[in-house]
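# Summary of the model geometry
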Amino acid sequence: MHNELEQAAPLYLHIAKDLRERIEAGEFPLDTLLPPEPVLCQQYQCGRVTLRTAVEMLAQRGYLTKKQGRGTLVTTPAWLADNTLPIGFSEKMAQAGLAHHTQVLRCESISPSVKQAEKLGLGATDAVICLERLRFVEQQPALYEITLLPAERFTQLDRHHVEQNGLYHTLAHDFNLLSMQAQDDYLPCIAPPQVATLLKLDPQQPCIEISRLATSHGIPFELTLSYTNTEHYPLSFRYLRG
């Protein structure tokens, strides 16, 4: 029934869906122009009105911007551009009005544990990129993170881009990863000794452990384990839309 309903949808919806998939596949990278209207109309066997309706749908969602005299530009989608939807550390700190920066401690290819590979949907011999970061808020160590990413998918990950721009911004602009869903699980704990030292925690001082599994179109791409120094890392955020 679901497929039948999709097939019965107006042509502009199919075109919008296909254009978005082509953008996210990297066929039309960020900050480049879509092919001219006549080319796209020929590809989709449609009229200009139908195509423009599809383009307008994607423009409303932040994927496209009409540039007078130039054409249609592929742009950053709303979830990355809107700081009222705090997905990553940088967005959360910006929303809270806090000065912050990130230090990348390690970025290298390693073999994941069996459990980690299973969560990321990887095979027994697949490698992951291990991204270890220490986050500072108002010059104080506030968050330690260790992130695993499938190595085959993100081979050219640039640690300096991550350090300067944040992980999700880097994945969007360098790998066209423009859609995501994530689940965060919070658990009170005692940080491992090495982490406690980095966060300047007393040996038995409680902290919050945050585990995140993120997917794009149902495919896992990120597994992150974080520890917070709650004296410096805020745990209350506003989520707004509209």
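The coordinates are above.
Summary of the structure given here. (Residues numbered from 1 in each chain as written. Predicted model: local features only at pLDDT ≥ 70, side-chain atom pairs only at ≥ 80, totals over all residues. Heavy atoms only, no water.)

### Concerning the pattern of salt bridges
- Tallied over the entire structure, the rule returns ten salt bridges.
- The salt bridge partner of D18 is R22, with a shortest N-O separation of 4.0 Å. Placement of the pair is D18 and R22 together in helix α2 (residues 11-24), with a separation of four residues, close to one helical turn.
- The exposure class of D18 is partly exposed, given its relative accessible area of 28%.
- Given the relative accessible area of 14%, R22 is considered buried.
- Note that E27 is salt-bridged to R22, the shortest N-O span being 2.7 Å.
- With relative accessibility at 45%, the residue E27 sits in the partly exposed group.
- Salt bridges sharing common partners tie together D18, R22 and E27. (Salt bridge = Lys/Arg side-chain N within 4 Å of Asp/Glu carboxyl O. Helix = DSSP H or I, 4+ residues; strand = E, 2+ residues; numbered from the N terminus. Buried < 20%, exposed > 50% of the residue type's maximum accessible area, 1.4 Å probe, protein only.)

### A closer look at the sheet that holds strand β8 (residues 219-228)
- An order of β3-β4-β5-β8-β7-β6 is seen for the six strands of this open sheet, with the pairing classed as antiparallel. Lying at the two open borders of the sheet, with one neighbouring strand each, are β3 (100-110) and β6 (181-190). Neighbour to neighbour, the strand axes of the sheet diverge by 15° on average, direction disregarded.
- Pairing geometry for strand β4 (residues 128-137) and strand β5 (residues 140-150), over ten bridges, is antiparallel. Within β5, the residue paired with E132 across the bridge is I146.
- Strands in contact with helix α6 (residues 89-96) are β3, β4, β5 and β6; relative to β3, the strand with the most contacts, it is inclined by about 175°. (Pairing = 2+ DSSP bridges. Axes fitted to C-alpha atoms, helices over the stretch in contact; angles between N-to-C directions. Contact = heavy atoms within 4.5 Å.)

### Description of the packing of helix α3 (residues 37-44) against helix α4 (residues 48-60)
- Direction vectors running N to C along α3 and α4 enclose 100°, while the axes themselves pass 10 Å from each other. Judged by the angle between their axes, α3 and α4 are roughly perpendicular. Contacts between α3 and α4 involve E37, P38, L40 and C41 on the former and, on the latter, R48, L51 and R52.
- Here the contact of α3 with α4 is built from residues that sort into four nonpolar, no polar and three charged. (Parallel < 35°, antiparallel > 145°, perpendicular 65-115°, else oblique. Nonpolar A, V, L, I, M, F, W, Y, C, P; charged D, E, K, R; others polar.)

### A look at the pairing of strand β1 (residues 64-67)
- Sheet topology note: the β1/strand β2 (residues 71-74) ladder contains four bridges and is antiparallel. What sits directly across from L64, in β2, is V74.
- Here β1 folds back onto β2, and the loop between the two strands holds three residues, one of which, G69, carries a positive phi near 80°.

### Comments concerning the pairing of β4
- In terms of residue burial, β4 counts as a mostly covered element, since ten of its ten residues are buried.
- Burial of β4 is two-sided: the residues V128, C130, E132, L134 and F136 facing one way and the residues I129, L131, R133, R135 and V137 facing the other way are all buried.
- Pairing analysis gives ten bridges linking β3 to β4, with the strands arranged antiparallel. The partner of V104 across the bridge, within β4, is R133.
- Where β4 hands over to β5, the hairpin turn is made up of two residues, of which E138 adopts a positive phi near 50°.

### Thoughts on the side chain of R22
- Polar side-chain contacts of R22 include one of 3.0 Å to the side chain of Y44.
- Filtering out sequence-adjacent residues up to four positions away, R22 remains in contact with E27, F28, L40, Q43 and Y44. (Polar contact = N/O pair within 3.5 Å; in protein donor to acceptor, adjacent residues only side chain to side chain.)

### Description of the environment of M57
- Along the chain, the position of M57 falls in helix α4.
- Spatially, the C-alpha atoms of M57 and K17 are 9.7 Å apart, while their sequence positions differ by 40 residues.
- For M57, the residues in contact, after removing those within four places along its chain, are Y12, L13 and A16.

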